[in-house]
Amino acid sequence: ATSLAVAAGTQTAAIFFGGYTGSNVATTSEYDGTNWSSGGALNTAVRAQGGGGTLTAGLSFGGKISNTSRNAVTEEYDGSSWTTGNNMGTATYSGGHTGTQTDAIAFGGKGANYPTPAVTTTQLYDGTNWSTSSNMGSAYYAPAGAGATGKVSVAFGGNIGGNTVANTEEFQITTTTITGAAWAAGGNMTTKRKQIGGCGTQTAGLAFGGRLGPDGERTESEEYNGASWAEGNNLGTGRRGHGGLGTQTAGLAFGGYSTGYVNVS
């Protein structure tokens, strides 16, 4: 069982890669909606990285190699093996992330230097290169993200200045706009949390699990409609640092930490 890994794909065609089981792992697991099988290993064992995409077009980037070493490497998955691509402009870990193999976003988290505070940095990936975009309104650590693409996404939860928050920020850029990309405040979550599972889109997002300080791992689920959050059904097992993927009406949560590493539910 693994925490601080990345999940991508759909409820019936998913991948779960990297993470931490007492040490970093490079493992990739594939899910068909019923059973798990082994996929090709990452080239770099890493945890708390970003990623997205699908079972046959996955993406992994950034992360933490050790307590003092950050990872800027980008890797792409074709359904059987990982290939190394161009590095991120700024190595980050425990940031928010969402999107596809050719249109992804990385935001917030902690930067390359050790020790380092959280950052407001936003980086976009076009399938080949990374570019820097508008900064977030606040410096977030361990937020979650949702979005069909990197260009239209939402960030929620996390930690700002040592305090767990319920903040939501929305990001949007289109090919037809004459103004630059920007983050804008959205409706706050009902329950403040960090290390949340997230999936869906900017106007149909889903947040589940996470942690609020010493209160332990949470089971709450919330749904976002592009303006406000509403409570949904709870997870069966409270967890943080878990994988989350799919849509608001067909999501999947697995792995994570709940006073011990947990398996799929």
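What you see is a predicted model, and the numbers here were worked out from it, not measured in a lab.

Reading guide: rules and limits
- All chains use their own residue numbering, which begins from 1 and follows the written sequence.
- Whole-chain, interface and lining totals are the exception, using all residues; otherwise, since this is a predicted model, local features are given only for residues with pLDDT of at least 70 and side-chain atom pairs are given and counted only at 80 or more.
- As a rule here, side-chain values cover all heavy atoms of the structure and leave hydrogens and water aside.
- Secondary structure elements are taken from DSSP: a helix is a run of H or I of four residues or more, a strand is a run of E of two residues or more, and numbering for both begins at the N terminus.
- Radius of gyration means the value over C-alpha atoms here, while the globule rule gives 2.2 Å times the residue count to the 0.38 power.
- A 1.4 Å probe rolled over the protein chains alone gives each residue an accessible area, and that area as a share of the maximum for its type sets the label: buried under 20%, exposed over 50%, partly exposed in between.
- The protein chains shown are the only cover counted for residues, whose accessible areas, like all others here, come from Shrake-Rupley with a 1.4 Å probe.
- Neither His nor the chain termini are counted; the positive set is Lys and Arg, and the negative set is Asp and Glu.
- By convention, the point assigned to a charge is CZ for Arg, NZ for Lys, CD for Glu and CG for Asp.
- Any carboxyl oxygen of Asp or Glu that lies within 4 Å of a side-chain nitrogen of Lys or Arg is treated as forming a salt bridge with it.
- Here, any two strands with at least 2 DSSP bridges between them count as paired.
- Note on ring pairs: Phe, Tyr and Trp rings are taken, using the six-membered ring of Trp, and paired if centres are within 6.5 Å. Classes follow the plane angle, with under 30 degrees stacked, over 60 edge-to-face and the rest tilted.
- To get an axis, fit a line to the C-alpha atoms, keeping to the stretch in contact for a helix; angles then go from 0 to 180 degrees between the N-to-C directions.
- Throughout, a residue-residue contact means that at least one pair of heavy atoms, one from each residue, lies within 4.5 Å.
- We call two N or O atoms a polar contact when they sit within 3.5 Å, provided that within protein one can donate a hydrogen and the other can accept it, with sequence-adjacent residues counted only if both atoms are side-chain atoms.

Novice: Quick one: what's the story with the overall build of the protein chain, residue by residue and with numbers?
Specialist: Each helix and strand in the protein chain was counted, giving zero helices and 24 strands. What you see for the protein chain is a C-alpha radius of gyration of 16 Å, in line with the 18 Å of a compact globule of 265 residues. Seen through its principal axes, the protein chain has C-alpha atoms that stretch 45 × 40 × 35 Å. Expressed as a percentage of the 265 residues in the protein chain, the buried residues total 52%. Summed over all atoms, the accessible surface of the protein chain reaches about 10600 Å², with 46% contributed by carbon and sulfur. Between the centroid of the 12 positive side chains of the protein chain and the centroid of its 15 negative side chains there is a distance of 13 Å.

Novice: Requested: an account of the environment of Gly213, with residues and values cited.
Specialist: Inspection of the secondary structure puts Gly213 in the loop between β20 (205-208) and β21 (221-224). Gly213 sits in the partly exposed class, given a relative accessible area of 28%.

Novice: Which residues make up the pattern of salt bridges, and what values do they have?
Specialist: Under the defined criterion, the tally for this structure stands at five salt bridges. Taking the shortest distance from any N to any O, the salt bridge between Lys151 and Asp103 comes out at 3.4 Å. With Lys151 in the loop between β13 (144-146) and β14 (152-156) and Asp103 in strand β10 (residues 103-107), the pair connects residues that are 48 residues apart, well separated along the chain. Since its relative accessible area comes to 34%, Lys151 is described here as partly exposed. With a shortest N-O distance of 2.7 Å, Glu217 and Arg240 are connected by a salt bridge.

Novice: Requested: an account of the pairing of strand β9 (residues 96-100), with residues and values cited.
Specialist: Bridging between β9 and β10 involves five bridges; their strand directions are antiparallel. Counted as the bridge partner of Gly96 is Phe107 from β10. Linking two consecutive strands that pair antiparallel, namely β9 and β10, is a turn of two residues.

Novice: So what's going on with the packing of aromatic side chains? Residues and values would help.
Specialist: Considering all chains together, one arrives at 12 aromatic pairs under this definition. Look at Tyr125 and Trp130: their rings are 4.9 Å apart centre to centre, the planes differ by 35 degrees, and that puts the pair in the tilted class. Taken as a pair, Tyr125 and Trp130 share a single burial class, namely buried. Pairwise contacts between aromatic rings join Phe16, Tyr31, Trp36 and Phe254 into one cluster.

Novice: Before we move on, can you summarise the pairing of strand β24 (residues 250-254) with the specific residues and values?
Specialist: Direction of pairing for strand β23 (residues 243-247) relative to β24: antiparallel, over a ladder of five bridges. Counterpart to Gly246 in the pairing with β24 is Gly251. Linking β23 to β24, which pair antiparallel, is a turn of two residues.

Novice: Give a detailed account of the sheet that holds strand β22 (residues 229-231), specifying residues and quantitative values.
Specialist: Strand order in the open sheet formed by four strands is β19-β20-β21-β22, with antiparallel pairing between adjacent strands. Strands at the two margins of the open sheet, each flanked by one partner only, are β19 (197-200) and β22. Strand-to-strand twist of the sheet, defined as the mean angle between neighbouring strand axes without regard to direction, takes the value 25 degrees. Sheet topology places β20 next to β21; four bridges connect them, and they run antiparallel. Directly across from Ala207, in β21, lies its bridge partner Glu222.

Novice: Explain the side chain of Thr164 to me, and be specific about the residues and the numbers.
Specialist: Here Thr164 is to be found in strand β16 (residues 163-164). Those residues in contact with Thr164, other than ones at most four positions away along the chain, are Gly158, Asn159, Lys192, Arg193, Lys194, Arg211, Leu212 and Gly213.

Novice: So, the side chain of Gln202: which residues are in play, and what are the values?
Specialist: Positionally, Gln202 belongs in the loop between β19 and β20. By relative accessible area, Gln202 is classed as buried at 9%. Within the local environment of Gln202, its side chain forms a polar contact with the backbone oxygen of Phe171, the two atoms lying 3.0 Å apart. Aside from chain neighbours lying at most four places away, what touches Gln202 is Ala146, Gly147, Val152, Ser153, Val154, Glu170, Phe171, Gln172, Tyr224 and Gly226.

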